[in-house]
Amino acid sequence: IANIQAQGGSMDTVSGQHLQRMANGDETYPPEVLIGIARRTYADLTNLDMQATAAAKFAKKYGDSNLNTFKQQWSKNADSRVFEVIAASQNPNLTQEQKKDIVNQIMGSDPKIRQQFNQKYLNIKKLYDTGSL
């Protein structure tokens, strides 16, 4: 809930109110839902961490006054599912098979969609590594 609010989300929606009821113990989540929430939350944290590192590299290279350019480049490529894949691939508690299963769940089997994800991943990686595309 705090993560949603920190990113500017609202708890005034039906989903937000439902989430608060569950957090207060009025309702319960099935384990699969909790795992999914944890996975997405960790992906959000991965996004924030990578974005901060990339922004620092960009600012060092191009100056703070040009950070809006970086923000636009990042947001064009910052698909939460890409960060879910990155977070899963970096998880030392998962086997290679589990990582592969998670990636397949997230990305599906459509080659066109997988190619779009791959391009976004490559762009995020380049922004993270160099600060620019």
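All of these numbers come straight from a predicted model, not from anything done at the bench. (Residues numbered from 1 in each chain as written. Predicted model: local features only at pLDDT ≥ 70, side-chain atom pairs only at ≥ 80, totals over all residues. Heavy atoms only, no water.)

Engineer: Would you mind showing me how to read helix H2 (residues 14-23) here?
Structural biologist: Residues lying three or four places apart along an α-helix face the same way, a consequence of the helix completing one turn every 3.6 residues. Along H2, the residues classified as buried are Gly16, Leu19 and Met22. Angularly, the buried residues of H2 cover 120 degrees about the axis, an arc narrow enough to put them on a single face. Where H2 is buried, its residues meet helix H1 (2-6). Backbone nitrogen of glycine 16 and a side-chain oxygen of the N-cap are separated by 2.9 Å at the start of H2; the cap is threonine 13. Downstream of H2 by a residue or two, glycine 25 has a phi angle that is positive, lying close to 90 degrees. (Buried < 20%, exposed > 50% of the residue type's maximum accessible area, 1.4 Å probe, protein only. Helix = DSSP H or I, 4+ residues; strand = E, 2+ residues; numbered from the N terminus. Arc of directions from axis to C-beta. Contact = heavy atoms within 4.5 Å. Polar contact = N/O pair within 3.5 Å; in protein donor to acceptor, adjacent residues only side chain to side chain.)

Engineer: Could you clarify how one ought to interpret the packing of aromatic side chains in this entry?
Structural biologist: A ring pair, where both rings are aromatic, is described by two values, the distance of the centres and the angle of the planes. The full count for this structure, using the stated rule, is four aromatic pairs. Their ring planes at 45 degrees and their centres at 4.8 Å tell us that phenylalanine 58 and tyrosine 62 sit as a pair that is tilted. Here tyrosine 62 and phenylalanine 58 lie together in helix H3 (residues 31-62), a separation of four residues that amounts to about one turn. A relative accessible area of 4% places phenylalanine 58 in the buried class. Owing to a relative accessible area of 39%, tyrosine 62 belongs among the partly exposed residues under this scheme. Between the aromatic rings of phenylalanine 58 and phenylalanine 70, the centroid separation amounts to 5.6 Å while the plane-to-plane angle is 40 degrees, which identifies the pairing as tilted. Taken together, the positions of phenylalanine 58 in helix H3 and phenylalanine 70 in helix H4 (residues 67-77) put the pair 12 residues apart, joining distant regions of the chain. Here the two residues phenylalanine 58 and phenylalanine 70 agree in accessibility, since each one is buried. A cation over a ring is seen here: lysine 57 above tyrosine 128, with NZ or CZ 5.1 Å from the ring centre. (Phe/Tyr/Trp six-rings, centres within 6.5 Å; stacked < 30°, edge-to-face > 60°. Lys NZ or Arg CZ within 6 Å of the ring centre and 35° of its normal.)

Engineer: Can you walk me through the nonpolar core in this structure?
Structural biologist: What tends to happen in soluble globular proteins is that the nonpolar side chains get buried as a cluster. Residues Met50, Phe70, Trp74, Phe83, Ile86, Met107 and Ile124 are the most contacted members of the largest nonpolar core, which totals 19 residues. Broken down by secondary-structure element, the contributors of at least two residues to this core are H3, H4, helix H5 (80-89), helix H6 (96-107) and helix H7 (111-130). (Core = buried A, V, L, I, M, F, W, Y, C linked by side-chain atoms within 4.5 Å.)

Engineer: Explanation requested: the environment of isoleucine 102 in the structure shown.
Structural biologist: Looking at the secondary structure, you find isoleucine 102 in helix H6. For the pair isoleucine 102 and methionine 22, spaced 80 residues apart in sequence, the C-alpha separation works out to 25 Å.

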